[in-house]
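# Notes for the structure review
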Amino acid sequence: MILRLADFRFPDAPERLYPENPNGDWVLEIGFGDGRFWAEHGPNEADANYLGVELSGVSLLKAQRRLTAAGLNNAHLTRLPASTLVRAVTGPGSLARIIVNFPDPWPKAGHEEHRLLRAPFFTLAASRLRPGGEVWFTTDHEEYFQFALQEAQKSGCFTATFPEPPAAALRTKYALKWRELGLSVHHVRWRAVQSPNVPVLPVEDSQGDHVPHAIVRLPEDFQLSNFRKTVDRTGEHVVVVLDAYRHASRDQWVLLTHVEERDLTQEALVSVTVREDGSALVRLERFGGPIITAGLKAAVGVVTTFLEERGASVTHRSY
Ligand SMILES: C[S@@+](CC[C@H](N)C(=O)[O-])C[C@H]1O[C@@H](n2cnc3c(N)ncnc32)[C@H](O)[C@@H]1O
């Protein structure tokens, strides 16, 4: 089943996500692409509960078709950045395994910071794996492979072994691509030997009752025709108000914000709607399924301040 962020709890429990197989091992695959790995490997581990996380929406649909065709029912897919999913959805010690096949290698010098398998990821992974849980990594990229080994060692949370990769890891879309080019494949299994404490990312249910908002009174002649992009770096997050749009037929404006925080970058819409009583509601729109974090609450605050600077008075804040 494809799950949206709002379908999860924070953290979530395998018993809730897989009620028909509550005691199965919980296996996470990061960057599953078109889903070939688990469609082929999953039937070998019929008792495992699978969660796949991907950034690409097209891949999500392809993978869903493959998993359904393979008859794998206890498998869920979601479209999120992996580190956000791991931090927010998987609780401490809940995962049996994390699988990463052919992650983007970011080969250019200076681009290592974009790689998934860096020391902070290993610390996070160790916090979410149960004692003895493993990370399985397969890649064609020799330099990334050595880099990841060093990063895992730096984290101090894992020991490494080098068995043969699972057969299905040699038949993913990218595995076949690299094999056609004659490149060899590297495989490592890291076993968690430490359980560091990495707190669960505080996320609010974006479909729930509480949506960050404020109530303001706008000045009589309020308009946003003099809008200019603004950047706020006052908190732990960066909030950029990129643009503002006027509704065609209502007294409503929508501001497009870009929010950067430690684990996540999001674009979100904050609306300003004039109500019957003359007040205006400033609130985060649910459009796009925003992940309600401290950064998005700050975005509502930044838009509210932005309105205050243009003559609005605030009567209520809830963000
Ligand atoms: C090179 S492809 C490999 C796909 C698949 N594992 C295979 O072997 O065919 C890397 C995949 O990782 C996904 N990806 C990259 N960064 C990600 C992230 N932070 N979270 C989840 N998926 C990610 C990309 O969208 C892409 O589909």
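Predicted, not measured: the structure shown is a model, and the values here were computed from it.

Here we take up the UniProt feature "binding site: substrate" (unreviewed entry) in the protein chain. Here, UniProt's "binding site: substrate" (unreviewed entry) annotation points to Lys108 and Asp140. By the secondary structure assignment, lysine 108 is in the loop between strand E5 (95–101) and helix H5 (119–128). For aspartate 140, the position within the fold is in the loop between strand E6 (129–139) and helix H6 (142–155). The class for aspartate 140 is buried, based on a relative accessible area of 14%. Those residues within four positions of aspartate 140 in sequence are excluded, and the remaining contacts are Phe102, Trp178, Leu183, Ser184, Val185 and His186.

Now for the UniProt feature "binding site: S-adenosyl-L-methionine" (unreviewed entry) in the protein chain. UniProt feature "binding site: S-adenosyl-L-methionine" (unreviewed entry): in the numbering of this structure it lies at Glu29, Glu54 and Asp104. Separation in sequence by 76 residues is not matched in space for these annotated residues, since their most distant C-alpha atoms are only 14.2 Å apart. Its location among the elements puts glutamate 54 in strand E3 (residues 49–54). The class for glutamate 54 is buried, based on a relative accessible area of 12%.

Below, the discussion takes up the site of the ligand. With respect to spatial proximity, 15 residues lie near the ligand, and among them Gly31, Glu54, Ala82, Asn101 and Thr172 are the closest. For the ligand, a nitrogen atom lies 3.5 Å from a polar atom in the backbone of leucine 55. Within the backbone of asparagine 101, a nitrogen or oxygen atom sits 2.8 Å from a nitrogen atom of the ligand. For the ligand, whose accessible area on its own is 600 Å², the fraction buried by protein is 83%. Of all elements in the fold, only E3 and helix H7 (173–180) reach the threshold of two or more residues within the shell around the ligand.

Side chains three or four residues apart in an α-helix point the same way, a direct result of the helix having 3.6 residues per turn. Given a rise of 1.5 Å per residue, 14 residues ought to cover 20 Å, and the 20 Å separating the end C-alpha atoms of H6 matches this to within 8%. All of the buried residues in H6 are Tyr144, Phe145, Phe147, Ala148, Leu149, Glu151, Ala152 and Ser155. Residues of H6 that are buried in the fold lie against H5, E6, strand E7 (158–161) and strand E8 (186–192). Glycine 156 occupies a position one or two residues after H6 and carries a positive phi of about 70°.

Parameters at a glance
Within every chain, residues take consecutive numbers counted from 1 along the sequence as written. Under the rules for a predicted model, residues below a pLDDT of 70 receive no local features and side-chain atom pairs below 80 are neither given nor counted, while totals for whole chains, interfaces and linings still include all residues. Based on all heavy atoms of the structure, the side-chain values leave hydrogens and waters out of the count. UniProt positions are given in the numbering used here, feature names are shortened, and annotations may be inferred rather than shown by experiment. Counting from the N terminus, the helices are the DSSP runs of H or I reaching at least four residues and the strands are the DSSP runs of E reaching at least two. Each residue is placed in one exposure class: buried if its accessible area under a 1.4 Å probe, protein chains only, is under 20% of its type's maximum, exposed if it is over 50%, and partly exposed if it falls in between. The contact rule is simple, with two residues in contact once any of their heavy atoms fall within 4.5 Å. The near set for a molecule or strand comprises every residue that places at least one heavy atom within 4 Å of it. The term polar contact refers here to a pair of N or O atoms within 3.5 Å; inside protein, the definition further demands a hydrogen-donor-capable atom paired with an acceptor-capable atom, and it admits residues adjacent in sequence only when both atoms are side-chain atoms. Using a 1.4 Å probe, the Shrake-Rupley method yields the accessible areas, and only the shown protein chains count as cover for residues. Helix span, expected: 1.5 Å multiplied by one less than the number of residues in the helix.

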